[in-house]
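Coordinates in review
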Amino acid sequence: MVDLHILSVAFIIFDIFARYGGDEFIIVFFNTTKQEVEEKLDFMLKKAGNHHLAFDNQAIKLSFSYGLAVFPEDSTLSNILIKKADIRMYI
């Protein structure tokens, strides 16, 4: 069973977590530094690794990868921010 507390600890009420397409999600953190975002995502990554999803009598280990883009340093345009974050996910 996935502990949704992982998400509640990492996000505040004003943050946005939305499905972008397929298995891709966008998270918008407001009034947060890049370092704070990295710490939040690293925390979630560690917690997710400790949990498994039960599916078809099998335990599936949870994981994710992420790329960061910072407004306005990287761009003020959403499509550029998304592209930069996507590229950084593979670096």
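Everything quoted here is computed from the prediction, not taken from an experiment.

Moving on, we come to a negative patch on the surface. There is a patch of like negative charges on the surface, built from Glu36, Glu38, Glu39 and Asp42. Using a relative accessible area of 31% as the deciding quantity, one classes Glu38 as partly exposed.

Examined against the element boundaries, Asp15 turns out to sit in the loop between helix 1 (5–10) and strand 1 (16–21). A distance of 3.4 Å separates a polar atom in the side chain of Asp15 from the backbone nitrogen of Phe30.

It is worth spelling out the confidence of the model for the protein at this point. Per-residue confidence for the protein gives a mean pLDDT of 86, with 86% of residues at or over 70. Per-residue pLDDT, averaged within each element of the protein, yields its smallest value for helix 1 (57) and its largest for helix 3 (residues 78–88) (96).

All right, on to a nonpolar patch on the surface then. Residues Phe14, Ile16 and Phe30 make up a contiguous nonpolar surface patch of roughly 320 Å² in combined accessible area. When its relative accessible area of 61% is taken as the criterion, Phe14 is described as exposed.

Moving on, we come to the environment of Asp23. Within the element layout of this structure, Asp23 appears in the loop between strand 1 and strand 2 (24–28). Residue classification places Asp23 among the exposed residues on the basis of a relative accessible area of 70%. Separated by 41 residues in the primary sequence, Asp23 and Phe64 have C-alpha atoms spaced 9.9 Å apart.

For the rest of this paragraph, the subject is the packing of aromatic side chains. The description of an aromatic ring pair rests on the distance of the ring centres and on the angle between the ring planes. All chains considered together, the criterion is met by two aromatic pairs. Seen in terms of ring centroids, Phe17 and Phe25 are 5.4 Å apart; in terms of plane orientation they differ by 25°. Their pairing is stacked. Measuring from ring centre to ring centre gives 6.3 Å for Phe64 and Tyr66, while their planes differ by 40°; the resulting arrangement is tilted. Residue Tyr66 is classed as partly exposed on the basis of its relative accessible area of 25%.

Take the nonpolar core next. One finds Phe29, Val37, Leu41, Met44 and Leu68 forming the largest nonpolar core, which totals five residues. With sequence-adjacent residues up to four places away left out, Leu68 is seen in contact with Lys34, Val37, Glu38, Leu41, Asp74, Ala85 and Arg88.

At the junction of Phe71 and Pro72, the peptide bond is cis and its omega measures out at -5° in the coordinates. A positive phi angle is found at Asp56, which is not glycine, with a value near 55°. For Asp56, the location among the structural elements is in the loop between strand 3 (52–55) and strand 4 (58–61). Classification of Asp56 by relative accessible area gives exposed; the value is 62%. A positive phi angle is found at Asn57, which is not glycine, with a value near 60°. With respect to the helices, strands and loops of the structure, Asn57 is situated in the loop between strand 3 and strand 4.

Cut-offs and rules
- Residues numbered from 1 in each chain as written.
- Predicted model: local features only at pLDDT ≥ 70, side-chain atom pairs only at ≥ 80, totals over all residues.
- Heavy atoms only, no water.
- Patch = residues over 30% accessible without salt bridge, like charges linked within 9 Å, V, L, I, M, F, W, Y side chains within 5 Å.
- Areas by Shrake-Rupley, 256 points an atom, 1.4 Å probe, with all protein chains shown as cover.
- Salt bridge = Lys/Arg side-chain N within 4 Å of Asp/Glu carboxyl O.
- Lys, Arg positive; Asp, Glu negative; His and termini not counted.
- Charge placed at Lys NZ, Arg CZ, Asp CG, Glu CD.
- Buried < 20%, exposed > 50% of the residue type's maximum accessible area, 1.4 Å probe, protein only.
- Helix = DSSP H or I, 4+ residues; strand = E, 2+ residues; numbered from the N terminus.
- Polar contact = N/O pair within 3.5 Å; in protein donor to acceptor, adjacent residues only side chain to side chain.
- pLDDT = per-residue confidence, 0-100.
- Phe/Tyr/Trp six-rings, centres within 6.5 Å; stacked < 30°, edge-to-face > 60°.
- Core = buried A, V, L, I, M, F, W, Y, C linked by side-chain atoms within 4.5 Å.
- Contact = heavy atoms within 4.5 Å.

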